[in-house]
Protein chains: 2
Amino acid sequence: MSSLGIVTPQSMHFKTPLRLSSGASIADYTLVYETYGTLNADRSNAVLVCHALNASHHVAGMYVGADGKKSVGWWDNMVGPGKPLDTDRFFVIGVNNLGSCFGSTGPMHPDPATGKPYGASFPVVTVEDWVRAQARLADELGIRQFAAVMGGSLGGMQALSWSMLFPDRMRHAIVIASTPKLSAQNIAFNDVARQAILTDPDFHGGDFYAHGVVPRNGLRVARMIGHITYLSDDSMAEKFARRLRNGDYQFGFGIDFEIESYLRYQGDKFSEYFDANTYLLITKALDYFDPAREHGDDLTRALAQTEARFLLVSFTTDWRFSPQRSREIVQALVNNKRKVTYAEIDAPHGHDAFLLEDPRYMNTVRAYYERIWQEIAQRRAA
Amino acid sequence: MSSLGIVTPQSMHFKTPLRLSSGASIADYTLVYETYGTLNADRSNAVLVCHALNASHHVAGMYVGADGKKSVGWWDNMVGPGKPLDTDRFFVIGVNNLGSCFGSTGPMHPDPATGKPYGASFPVVTVEDWVRAQARLADELGIRQFAAVMGGSLGGMQALSWSMLFPDRMRHAIVIASTPKLSAQNIAFNDVARQAILTDPDFHGGDFYAHGVVPRNGLRVARMIGHITYLSDDSMAEKFARRLRNGDYQFGFGIDFEIESYLRYQGDKFSEYFDANTYLLITKALDYFDPAREHGDDLTRALAQTEARFLLVSFTTDWRFSPQRSREIVQALVNNKRKVTYAEIDAPHGHDAFLLEDPRYMNTVRAYYERIWQEIAQRRAA
């Protein structure tokens, strides 16, 4: 299924406390990560891939569970041998963020201070906190400077944040389907999703672990809301239209339309594996991301500190983070005379397009990595 | 506050069973309604105003509660003496639909068969069922033919349905911010809202009345989702932007942003007065509305049976029922050589614009009623 074959997650434990944007600290933590490809001798070919809301360090390749169930990485169409981000050339790192539910330290893990799961007391983390934690992992892996830091959506925010927090530790930032900050409407959708979780009686103020339950109904509704915003009106119309599940109206509150069946299924599935506290944390990190805020709401000033070259990609039907939001970043970079490549891809799939196979999109990213690869060769020759 | 002054709801009891679209019947029911203005001698000046999701028969004028609290009708800016729909000229009827929670027979009322509240057993009703019930009310009030049937959003669907079910009982249809059918995305939002209610443990399968509780959390989330779709991205950005309630990030899950505070307040308020079963019923009526369905999905054929003249109005930033949806109706009417006036109003307020004061919008409706008024005078002179 994956041309990378079987991959294995690794983990790194950190004992030095990490000071967070909130002022709190996280004393002791583990990051789970995967790597693909080989770090070259001068350590110039490392690429960090940052994940979005419900993804993880499992970017590419395959796991085979004890039950024989296969799980392919979430960006396996992008990362692998011969793929746009070619692991025959680059050493790629995928890292799971703090607060996640896929291995790195999160709210379901014991708080060393109490021995009980953090639950609601897990500190609120920001995109910047994640980036600082990722930088420590890079230190441990001996990577001074990344050839590129790359991500889509929330992952794109991390790539952008890297370019501001560690300008000399990366040569390229690849920011896909992202935004310099959430709009009021974006925040509104996130907050409704959070309210669905927070008011689920099974949430127990975040300490549901101790009660042996999961706020499944809240998570389910949260995911359904999110999922609507990932798809475009057009792609939903094309995929589902008003198709009925059973040929005619049922005159009840079961399933009438295929779109209902699809969304409920997505919600059910998500509620079985995702952690409710993680959902709250990650949506807050999205809401809080606003690098211009400390620069008088001036994105140009915020991006003045960057040194990287940039690739930005947006998708025409993405109404969550529309092309206009990417263009704001492009404009601010141009104002700073940074080198920027910008591609606006005419794709019907809404925000989800960044995860899908689209030849123009894939070729854009492939061509950009080709350029990075040639630069590495030139630096080595110089 | 209202130029109509104090108004009083009336009610009409119907003993002949109403056969519903589902095949079920409702044996015995009451409709609550209000009237403003005076029916003229030849009964030619009656206008029916149909309500949308969370509105009622209380279209205009004012109630004063026992506690002195005033309640102004939901379209008081549109209907009243000297208003676009001028009650000095027209006899206006507002009627509360079956299944509502504002007086007409609904799920909170006793089922005559059991003596207990209908709850989940209240039959699923359609736009067409409402229209047939409204026609019976018109019979009782001695109105053979309306000068106009008018509504916005779901109310516009009723006006459109009237033009197909009772073509000779109306001279004009005024259809504002509406659609010939919901899109997959529209249905998706409705279904998430319903799921929030249906999975609230306090819903008790619809029989929460017997348990002395209300599925408040579900209703609250449902309303928050709905509310986001009524506003435009732009108007939210203008009204709230990323303004913080307390000047800085709180690093918790209380209120950070003003938009959160606003939406939660809307949700809280709604959950205190709206009935959960009514919410389910009304969203289903929205989902099921699709008059072209019985005509091979051909809207032109569906509208061939109409005789009325039409005014359609849409609003540029309405992403719930966008101008494109109104244009589909206009096109189908034009295909049938019906007389149609269409106004696309450049307004920033999204779907909610149909309830708001906008001079171009108000003047469009006013001019159209002026024309209707002159026709009435001409008919009388003839």
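The structure presented is a predicted model; accordingly, all values stated were derived computationally and were not measured.

A. Seen up close, the overall build of chain A. Counting its regular elements, chain A contains 10 helices and 14 strands. On C-alpha atoms alone, chain A measures out to a radius of gyration of 21 Å, which is about the 21 Å that the 2.2 N^0.38 rule sets for 382 residues. Taken over the C-alpha atoms alone, chain A extends approximately 70 × 50 × 50 Å along its principal axes. Contacts in chain A between residues far apart in sequence, at least 24 positions, make up 71% of those at least 6 positions apart. Surface exposure of chain A reaches about 14000 Å², of which carbon and sulfur atoms provide 50%.

B. Main features of the UniProt feature "domain: AB hydrolase-1" (unreviewed entry) in chain A. Mapped onto this numbering, the UniProt entry annotates "domain: AB hydrolase-1" (unreviewed entry) at residues 45–356 of chain A. Segment residues 45–356 of chain A splits into 35% helix and 14% strand. End C-alpha atoms: 25 Å apart.

C. Up close: the relation of the copies chain A and chain B. Once chain A has been moved 0.0 Å along the axis and rotated by 180°, it coincides with chain B to within an RMSD of 0.0 Å. Between the two chains, the operation in question is that of a two-fold axis. The share of interface residues of chain A whose copies in chain B are also at the interface is 100%, consistent with both copies meeting through the same surface.

D. Structural detail: helix H10 (residues 359–381) of chain A. Residue and element names in this part refer to chain A. Taking 1.5 Å per residue as the helical rise, H10 with its 23 residues ought to reach 33 Å, and the 32 Å between its terminal C-alpha atoms agrees with that figure. Residues of H10 that are buried: Tyr361, Met362, Val365, Tyr368, Tyr369, Ile372, Glu375 and Ile376. The N-cap of H10, judged by a side-chain oxygen 3.0 Å from the amide nitrogen of Arg360 a few residues on, is Asp358.

E. Representation of unusual backbone geometry in the model. Notably, Asp297(A) is not glycine yet its phi reads approximately 60°, a positive angle. Structurally, the position occupied by Asp297(A) is in the loop between helix H7 (276–288) and helix H8 (299–302). Its identity is not glycine, yet Ala241(B) carries a phi of approximately 45°, on the positive side. Its location among the elements puts Ala241(B) in the loop between helix H6 (233–239) and helix H7 (258–273).

F. Representation of the UniProt feature "binding site: substrate" (unreviewed entry) in chain A. All names here are of chain A. With numbering matched to this structure, UniProt assigns "binding site: substrate" (unreviewed entry) to Arg223 and Asp352. A compact arrangement is adopted by the annotated residues: their sequence extent is 130 residues, whereas the largest C-alpha distance between any two is 14.0 Å. By secondary structure assignment, the location of Arg223 is in helix H4 (residues 216–230). Sequence-distant contacts of Arg223, that is, excluding residues within four places in its chain, are made with Asn54, Tyr230, Gln266, Gly267 and Phe270. Turning to its location among the elements, Asp352 is positioned in the loop between strand E14 (340–345) and H10. With relative accessibility at 18%, the residue Asp352 sits in the buried group.

G. Just the packing of aromatic side chains, in detail. Per the counting criterion, the structure on display carries 50 aromatic pairs over all chains. Consider the rings of Phe189(A) and Phe189(B), whose centres lie 5.9 Å apart with planes at 15°: the pair is stacked. In this pair, Phe189(A) is assigned in helix H3 (residues 184–198) and Phe189(B) in helix H3 (residues 184–198), connecting two distinct chains. Pair check on accessibility: Phe189(A) and Phe189(B) agree, each one buried. Ring centres of Phe315(A) and Tyr361(A) lie 4.9 Å apart, and the angle between their planes is 90°; on these two criteria the pair is classed as edge-to-face.

H. Quick peek at the domain arrangement of chain A. All names here are of chain A. Considered domain by domain, chain A is made up of domain 1 (10–181 + 290–381) and domain 2 (186–284). Listed by partner, the interface residues are 28 residues for domain 1 and 25 residues for domain 2. Buried surface at the junction of domain 1 and domain 2, summed over both partners, amounts to about 2200 Å²; 63% is from carbon and sulfur atoms. The largest per-residue losses of area from domain 1 upon contact with domain 2 belong to Leu53, Trp319 and Arg320, which jointly make up 30% of the total buried on that side. Linking domain 1 with domain 2 are zero salt bridges. Across the contact surface, domain 1 and domain 2 share seven residue pairs in polar contact (both at pLDDT 80 or more). Of the residues in the side of domain 1 that touches domain 2, the class split is 17 nonpolar, eight polar and three charged.

The rules behind these values
- Residues numbered from 1 in each chain as written.
- Chains lettered and ligands numbered in written order.
- Predicted model: local features only at pLDDT ≥ 70, side-chain atom pairs only at ≥ 80, totals over all residues.
- Heavy atoms only, no water.
- Helix = DSSP H or I, 4+ residues; strand = E, 2+ residues; numbered from the N terminus.
- Rg over C-alpha atoms; globule rule 2.2 N^0.38 Å.
- Contact = heavy atoms within 4.5 Å.
- Areas by Shrake-Rupley, 256 points an atom, 1.4 Å probe, with all protein chains shown as cover.
- UniProt positions renumbered as here; feature names shortened; annotations may be inferred.
- Least-squares fit on C-alpha atoms with pLDDT ≥ 70 in both.
- Expected span 1.5 Å × (residues − 1).
- Buried < 20%, exposed > 50% of the residue type's maximum accessible area, 1.4 Å probe, protein only.
- Polar contact = N/O pair within 3.5 Å; in protein donor to acceptor, adjacent residues only side chain to side chain.
- Phe/Tyr/Trp six-rings, centres within 6.5 Å; stacked < 30°, edge-to-face > 60°.
- Domains from an automatic or database assignment.
- Buried area = accessible area lost by both parts, 1.4 Å probe.
- Salt bridge = Lys/Arg side-chain N within 4 Å of Asp/Glu carboxyl O.
- Nonpolar A, V, L, I, M, F, W, Y, C, P; charged D, E, K, R; others polar.

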